[in-house]
Amino acid sequence: SPPLEPETIRTPAYPVLLSGLYQVVGIRPHGVVAIQIALSLLTVLAGYRIASLLFGARAGLLTAIFLTLDPVSLYYSQVMLTETLFGAALTLALLWMVHGSRDPSFSYPCWAGICLALATYTRPTGYYLGMLFPVVFFVATRHAHGWRRALPSAVLMWLLFAVPVGAWQIHNYLS
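These lines cover the structure that appears in this document, whether it is placed above or below. Everything numeric in this text was worked out from a predicted model, so none of it was measured.

**Quick notes on the packing of helix H2 (residues 29-55) against helix H3 (residues 57-69)**
- H3 packs onto H2 with a crossing angle of 155 degrees between their chain directions and a minimal axis gap of 7 Å. Classified by the angle their axes make, H2 and H3 are roughly antiparallel. Between H2 and H3 lies a crossing of right-handed hand. Residue-level inspection shows Thr 43, Val 44, Gly 47, Tyr 48, Ala 51, Ser 52 and Phe 55 of H2 in contact with H3, the latter providing Ala 57, Ala 59, Gly 60, Leu 61, Thr 63, Ala 64, Leu 67 and Thr 68.
- Residue composition of the contact of H2 with H3, by class: nine nonpolar, six polar and no charged.

**Brief notes about empty space enclosed by the protein**
- The tally for this structure, following the rule as stated, stands at one cavity of 30 Å³ or more.
- Considered as a void within the structure, the largest cavity measures approximately 30 Å³ in volume.
- Around the largest cavity, the lining residues are Gly 100, Asp 103, Pro 104, Ser 105, Phe 137, Thr 141, His 145, Arg 149, Ala 150 and Ser 153.

**Some thoughts on the nonpolar core**
- With 24 residues, the main nonpolar core has Leu 90, Leu 95, Met 97, Leu 116, Phe 133 and Met 157 as its most contacted residues.
- Broken down by secondary-structure element, the contributors of at least two residues to this core are H2, helix H5 (83-102), helix H6 (107-122), helix H7 (126-145) and helix H8 (147-174).
- The biggest single contributor to this core is H5, with eight residues.
- Here Leu 95 is in contact with Ala 46, Arg 49, Ile 50 and Leu 53, once residues within four sequence places are set aside.
- Counting eight residues, the second-largest nonpolar core is a separate cluster that includes Ala 13, Tyr 14, Leu 21 and Leu 39.

**Some details on the pattern of salt bridges**
- As enumerated under the stated definition, the model contains one salt bridge in all.
- The partner of Arg 123 in a salt bridge is Glu 83, with the nearest N and O atoms 3.0 Å apart. Here Arg 123, found in the loop between H6 and H7, pairs with Glu 83, found in helix H5; they are 40 residues apart in sequence, far enough to count as distant.
- The class for Arg 123 is partly exposed, based on a relative accessible area of 26%.

**Overview of the packing of H7 against H8**
- The N-to-C vectors of H7 and H8 enclose an angle of 170 degrees; their axes lie 7 Å apart at closest approach. The angle between H7 and H8 falls in the class roughly antiparallel. Each of Gly 126, Tyr 127, Gly 130, Met 131, Phe 133, Pro 134, Phe 137, Phe 138, Thr 141, Arg 142 and His 145 in H7 lies in contact with H8, whose residues at this interface are Trp 147, Arg 149, Ala 150, Leu 151, Ser 153, Ala 154, Met 157, Trp 158, Phe 161, Val 165, Trp 168 and Gln 169.
- The class makeup of the residues in the contact of H7 with H8 is 15 nonpolar, six polar and two charged.

**So, the side chain of Gln 36**
- Inspection of the secondary structure assignment puts Gln 36 in helix H2.
- You can call Gln 36 buried: its relative accessible area is 1%.

Calculation notes
- Residues numbered from 1 in each chain as written.
- Predicted model: local features only at pLDDT ≥ 70, side-chain atom pairs only at ≥ 80, totals over all residues.
- Heavy atoms only, no water.
- Axes fitted to C-alpha atoms, helices over the stretch in contact; angles between N-to-C directions.
- Helix = DSSP H or I, 4+ residues; strand = E, 2+ residues; numbered from the N terminus.
- Parallel < 35°, antiparallel > 145°, perpendicular 65-115°, else oblique.
- Left-handed = near helix turned anticlockwise from the far one by under 90°.
- Contact = heavy atoms within 4.5 Å.
- Nonpolar A, V, L, I, M, F, W, Y, C, P; charged D, E, K, R; others polar.
- 1 Å grid on protein atoms, 1.4 Å probe; cavity = no way out; pocket = protein on both sides within 12 Å on 5 of 7 lines; lining within 4 Å.
- Points joined across faces, edges and corners; volume = space filled by probe spheres on them.
- Core = buried A, V, L, I, M, F, W, Y, C linked by side-chain atoms within 4.5 Å.
- Buried < 20%, exposed > 50% of the residue type's maximum accessible area, 1.4 Å probe, protein only.
- Salt bridge = Lys/Arg side-chain N within 4 Å of Asp/Glu carboxyl O.

Laid out in structure tokens, this is it:
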């Protein structure tokens, strides 16, 4: 039987995904695999878009082919583990960062920060990436948009990462 106390140490995103799936369709392995495959497809599409934006359509197509045929990704898309959700969230964060480096809109760093928080809620490695990515984003965008625009964007990205992750850590500490 499951424990009656809330789990406060493990990352919560993947269990929440499974719980939501259970509420919708019951905990059928085929439903989990379908979600995992959809997340893998999202990762392939985001990887395609990143490479296309940075290096052109051919690089995007080559990236999509490599991501589609990657044996590790193929394996993890068929088992109930956090890797697929983490990879999708991280790839989406990178995609929003690339868009944000080209467009000074604040929406792109916002989405990147949210995806970084989701990645951290999925795997603890996200802690380090959530600290590193806003710095990389600032360095990459300060020449294109000027530091007066790049700095608030990077800070906004960091805040949208740090506030939910910090709240979760405070909850863990107090529990």
